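Remarks on the overall topology
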Amino acid sequence: MSDSGGTGIVVRDIDVWRGAAAATGPADRAAAEAGVRLAYRAAGLVEPERIVWADSPREAVRLLGGDDGPYGPAARGRGVRETVRSAPWAAERDRVQRRLGPQGWGRHWSATGGRLWENTERLAERIRIGLVDELTAGAAAPAAEERSLRLLLLDAVLGQHDAAWLCAFDTGEGAPLHGLGVLARSAGWWWPYERLAVLCERPVELHRDEAGRLDRGDGPALAFPDGFALHAWRGMPVPAEFLAGLATLTPERIREEENAELRRVMLEFYGYDRYLRESGADPVHRDETGILWRIPMPDDEAVVMVEVVNSTPEPDGTSRTYWLRVPPTTRTARQGVAWTFGLGPEAYAPLRET
């Protein structure tokens, strides 16, 4: 694939950066530490006296959170994120923008970083939220604890989760961003200070759906070596104990769930068609297009689905049945089927159903 906008960035490299952003398993510690030293030197800084490893961002913020001790503010010195990461990035962005012009830069970003930005930024934000939720739970002064934690998170460089913007620039040997690129391909988040750098391992597990959202029904969707983990179903955060109960769901248990968002997760996992069959639901309308079913849900919109049969037989001669969820305002089967095609019921007149 060709160079993107004459910048020296080959668009096929996006696959390398996509892989780096989603990488799991042990960090390449030697390469990551070399990347730290390169980044400090490129920024005109003395290399840190110590490089310390943490098994997750949670362990890192715990190491850095105390005022005293070997990793406290006095021991680590001032934060140098601006010098090591933000200033070099801004300078390189300005250089490329001047070379390409506004339209050229827009095309270049769309072909590189823009293709990775949404998923990596969404994942990084979920990690931040998970850290704050876990580490402030049960705190004597949760608001003060959250402010302190968020300030500490501002010192973090995202390592592999900086892949989206790094892939838009030259990170080859000798380039201003080379050290940051080496580190991002080798490790997770890290915290740079004058005398200390704290580096994190990458996750050991990452599970996402086709839309790139965290998604797993039988365990953590994201997990680190020390046990810090996030649980989610199709992007929605859920408690670990909630997922453990999905395997034993019944229609009664689904109806009893008071949290409407968790009830929707249960329905998706259980299957809307199965729920309708096993709930003793009665059809509310039927016509030549299919059968309309409705199940009222407490404190939530009703589950309304159209049951349709594929008119084209399967290879074995059977006809497959499909269940299509439609808006709760749907009153007829035809209206529901038409809605799935973006049509009104009066406009839906297929020559041949498939």
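Provided above is the structure to which this section pertains.
Residues numbered from 1 in each chain as written. Predicted model: local features only at pLDDT ≥ 70, side-chain atom pairs only at ≥ 80, totals over all residues. Heavy atoms only, no water.

The next point concerns the overall build of the chain. On a plain count of helices and strands, the chain comes out with 14 helices and 12 strands. In terms of overall dimensions, the chain is more spread out than a globule: its C-alpha atoms have a radius of gyration of 26 Å, far above the 20 Å expected for 354 residues. A principal-axis box enclosing the C-alpha atoms of the chain has dimensions of 75 × 55 × 35 Å. Within the chain, contacts between residues at least 6 apart in sequence are counted, and of these 59% link residues at least 24 apart. Carbon and sulfur atoms make up 50% of the accessible area of the chain, which totals about 17,600 Å². (Helix = DSSP H or I, 4+ residues; strand = E, 2+ residues; numbered from the N terminus. Rg over C-alpha atoms; globule rule 2.2 N^0.38 Å. Contact = heavy atoms within 4.5 Å. Areas by Shrake-Rupley, 256 points an atom, 1.4 Å probe, with all protein chains shown as cover.)

Bringing the pairing of strand β10 (residues 290-297) into the picture now. Summarising burial for β10: 6 of the 8 residues are buried, a large majority. Here strand β9 (residues 283-287) runs beside β10; their pairing, made up of 4 bridges, is antiparallel. What sits directly across from R286, in β10, is I291. Turn length for the β9-β10 hairpin, with the two strands adjacent in sequence and antiparallel, is 2 residues. (Buried < 20%, exposed > 50% of the residue type's maximum accessible area, 1.4 Å probe, protein only. Pairing = 2+ DSSP bridges.)

Quick look at the packing of aromatic side chains now. A full pass over the atoms with the stated rule returns 9 aromatic pairs. With a centroid separation of 6.4 Å and 45° between ring planes, the pair formed by W189 and W191 is classed as tilted. Of the two residues examined, W189 and W191, each falls in the buried class. Put simply, the rings of W89, W105, W109, W117, W165 and F169 pair up and form one aromatic cluster. When the ring centre of Y193 is taken as origin, the NZ or CZ atom of R76, which lies over that ring, is 4.7 Å away. (Phe/Tyr/Trp six-rings, centres within 6.5 Å; stacked < 30°, edge-to-face > 60°. Lys NZ or Arg CZ within 6 Å of the ring centre and 35° of its normal.)

This part takes up the sheet that holds strand β5 (residues 222-223). Judged by pairing direction, the sheet is antiparallel, and its 3 strands sit side by side in the order β4-β5-β6 without closing on themselves. Each of the sheet's edge strands pairs with one partner strand only, and the pair in question is β4 (205-206) and β6 (229-230). Both β5 and β6 contribute to a ladder of 2 bridges, which runs antiparallel. Of the residues in β6, the one forming a bridge with A223 is A229.

Moving on, we come to the nonpolar core. One finds W17, V36, L180, W190 and L199 to be the most contacted residues of the largest nonpolar core, which totals 33 residues. Elements with a contribution of two residues or more to this core: α1 (14-21), α2 (29-42), β1 (50-54), α5 (81-111), α8 (163-166), α9 (178-184) and β3 (196-200). Setting aside chain neighbours within four positions, we find V36 in contact with P48, I51, L183, W190, A197 and L199. (Core = buried A, V, L, I, M, F, W, Y, C linked by side-chain atoms within 4.5 Å.)

Bringing the pairing of β3 into the picture now. By the criterion of burial, β3 is predominantly enclosed, with 5 of the 5 residues buried. The alternating pattern of β3 places L196, V198 and C200 on one face and A197 and L199 on the opposite face, and all of these are buried. Judged from the 5 bridges that link them, β1 and β3 form a sheet pairing that is parallel. Paired with R50 across the strands is L196, a residue of β3. Where strand β2 (residues 190-192) lies against β3, 3 bridges are found, and the strand directions are antiparallel. Bridging from a neighbouring strand, W190 pairs with L199 of β3.

Another point: helix α12 (residues 260-270). Where α12 is concerned, the buried positions are L262, R263, V265, M266, L267 and Y270. At the N-terminal end of α12, a side-chain oxygen is found 2.9 Å from the backbone nitrogen of E261, two or three residues along, and the residue is N259. Following α12 by one or two positions, G271 adopts a phi angle in the positive range, close to 100°. (Polar contact = N/O pair within 3.5 Å; in protein donor to acceptor, adjacent residues only side chain to side chain.)

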